[in-house]
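# Inside the fold
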Amino acid sequence: MAARALTIAGSDSGGGAGIQADLKAFSAMGVYAASVVTAVTAQNTKAVTAIHPIPDDVVVAQIKTVLDDIHIDVVKIGMLGTPSLIAAVADALAGYDGPVVLDPVMVAKSGDTLLADSAIDALKSSLFARATLLTPNLPEAVKLVGEGSTQAQANALLELGASAVLMKGGHADGETCTDHLVSQTGTQAFSAPRVNTRNTHGTGCSYSSAIAAGLAQGMALRDAVSRAHTWLHQAILHADELHVGRGHGPIHHFHALWK
């Protein structure tokens with residue numbers, strides 16, 4: 001029986017990030033994925049030109065309908081644009097007792113804002129305590145808890161309720177990218193050489209979904225992160241082979257299957 005995941009996120013019409021990236025990452029990992037669309041974006045590799053939020057009640061209906069019929073082994077949460085939607089999603093998941101991977105999506109690769117500042121407090125108060133894993137990049141960590149060392153920021157995020165935090169280091173300087181998995185039991189680092197490419201659209205969405213796939217398949221958290229980290233590095237290494245768009249192109253989710 002295949003493991004089953006549910007992604008709750010926004011749609012990227014360019015296919016590189018959001019729901020589309022989540023579905024590709026789950027599929028690449030051998031996991032069946034259902035989806036709940038929270039917003040429709042007009043988006044390509046260069047910019048987000050429009051965002052149309054899905055009404056809260058329709059998002060809730062999607063969640064409840066899926067959970068009513070399909071046994072879901074993990075939930076991955078991405079783009080949630082407003083305080084009311086965040087609260088609605090939290091309520092809809094109240095009866096779900098499986099792992100939850102929360103990617104606090106705030107800004108698109110193009111620099112366009114995807115999460116209003118007014119929604120940040122709602123995200124922290126409504127969903128952090130539900131998160132098995134929180135996956136912020138460095139700019140997102142600053143928005144959530146302010147400046148500080150990686151360890152200090154991670155500790156602050158743990159104090160807000162998350163069971164574990166993956167501090168992603170892709171936005172840092174240097175020839176090596178290092179992510180830190182931090183929980184109450186300690187810290188583990190995952191490093192890889194930095195890849196010289198602009199085609200990294202959807203990296204965060206794909207990474208969190210690949211980790212969630214491992215949890216759905218019964219892997220321990222550190223093992224799920226390790227596997228996803230290795231897969232993502234290869235997806236970035238092969239990204240230039242796709243030749244999609246004229247901006248920040250997508251990573252190659254299916255690098256192991258076709259070129």
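Below, the structure is looked at part by part. (Residues numbered from 1 in each chain as written. Predicted model: local features only at pLDDT ≥ 70, side-chain atom pairs only at ≥ 80, totals over all residues. Heavy atoms only, no water.)

## Description of the overall build of the protein
Applied cut-off: Helix numbering and strand numbering both begin at the N terminus, where a helix is a DSSP run of H or I of at least 4 residues and a strand a DSSP run of E of at least 2. As a reference, a globule follows 2.2 Å times the number of residues to the power 0.38, and the radius of gyration itself is taken over C-alpha atoms. A 1.4 Å probe rolled over the protein chains alone gives each residue an accessible area, and that area as a share of the maximum for its type sets the label: buried under 20%, exposed over 50%, partly exposed in between. Residue contacts are counted whenever heavy atoms from the two residues lie within 4.5 Å of one another. Calculation of accessible area relied on Shrake-Rupley with a 1.4 Å probe; when residues are assessed, cover is drawn exclusively from the protein chains displayed. Note on charges: Lys and Arg go in the positive column, Asp and Glu in the negative column, and His and the chain ends are not counted at all. Taken as the charge centre is NZ of Lys, CZ of Arg, CG of Asp or CD of Glu, depending on the residue.
Counting secondary structure elements, the protein contains eight helices and nine strands. For the protein, whose C-alpha radius of gyration is 17 Å, the value lies close to the compact-globule estimate of 18 Å for 259 residues. Overall, the C-alpha framework of the protein stretches about 40 × 40 × 35 Å when taken along its three principal axes. Split into buried and exposed, the 259 residues of the protein put 51% on the buried side. Within the protein, counting contacts between residues at least 6 apart in sequence, those at least 24 apart form 66% of the total. Here the protein has roughly 11,100 Å² of accessible surface; of this, 53% comes from carbon and sulfur atoms. Measuring between centres, the 16 positive side-chain charges of the protein sit 6 Å from its 22 negative side-chain charges.

## A word on the nonpolar core
Convention followed: Working definition of a nonpolar core: buried Ala, Val, Leu, Ile, Met, Phe, Trp, Tyr and Cys residues. They are joined through side-chain atoms within 4.5 Å.
Ranked by size, the top nonpolar core spans 42 residues in total, and within it Ile8, Val75, Ile77, Leu80 and Val89 carry the most contacts. The element contributing the most residues to this core is helix α3 (residues 83-92), with six residues. Discounting residues that sit within four places of it in the chain, valine 75 has contacts with Leu6, Ile8, Leu93, Tyr96, Pro99, Val100 and Val101. In this structure, Tyr207, Ala210, Ala235 and Ile236 belong to the second largest nonpolar core, which totals 29 residues.

## Let's talk about unusual backbone geometry
Located in the positive-phi region is histidine 243, a residue other than glycine, with phi close to 55°. Take histidine 243: its relative accessible area is 71%, and that puts it in the exposed class.

## Observations regarding the environment of threonine 7
Of note, threonine 7 is situated in strand β1 (residues 4-12). For threonine 7 and alanine 212, which are 205 residues apart along the polypeptide, the C-alpha to C-alpha distance reads 9.5 Å. In this view, threonine 7 contacts Ile19, Asp22, Leu23, Phe26, Ala34, Ser35, Val36 and Lys76; residues no more than four positions away in its chain are not counted.

## Examining the environment of alanine 162
Residue placement: alanine 162 occurs in the loop between α6 (150-159) and β7 (164-167). A relative accessible area of 3% places alanine 162 in the buried class. Separated by 34 residues in sequence, alanine 162 and phenylalanine 128 place their C-alpha atoms 5.0 Å apart.

## Description of the side chain of serine 11
Using the following cut-off: Polar contact is the term for a pair of N or O atoms within 3.5 Å; when the atoms are in protein, one must be able to donate a hydrogen and the other to accept it, and sequence-neighboring residues count only if both atoms are side-chain atoms.
Within the element layout of this structure, serine 11 appears in strand β1. Here serine 11 falls in the buried class, since its relative accessible area comes to 15%. At 3.0 Å, the side chain of serine 11 and the side chain of glutamine 20 are in polar contact. Ignoring any residue separated from it by four or fewer positions in sequence, one finds serine 11 in contact with Ile19, Gln20, Val37, Ala39, Val40, Thr41 and Gln43.

## Details of the state of the cysteines
This is how the line gets drawn: By convention in this document, the label disulfide applies to cysteine sulfur atom pairs within 2.5 Å.
Inspection of the entire model under this criterion finds zero disulfides. Free of any disulfide, cysteine 177 has its nearest cysteine sulfur in cysteine 205, 17 Å distant. On the accessibility criterion, cysteine 205 (13% relative accessible area) is buried.

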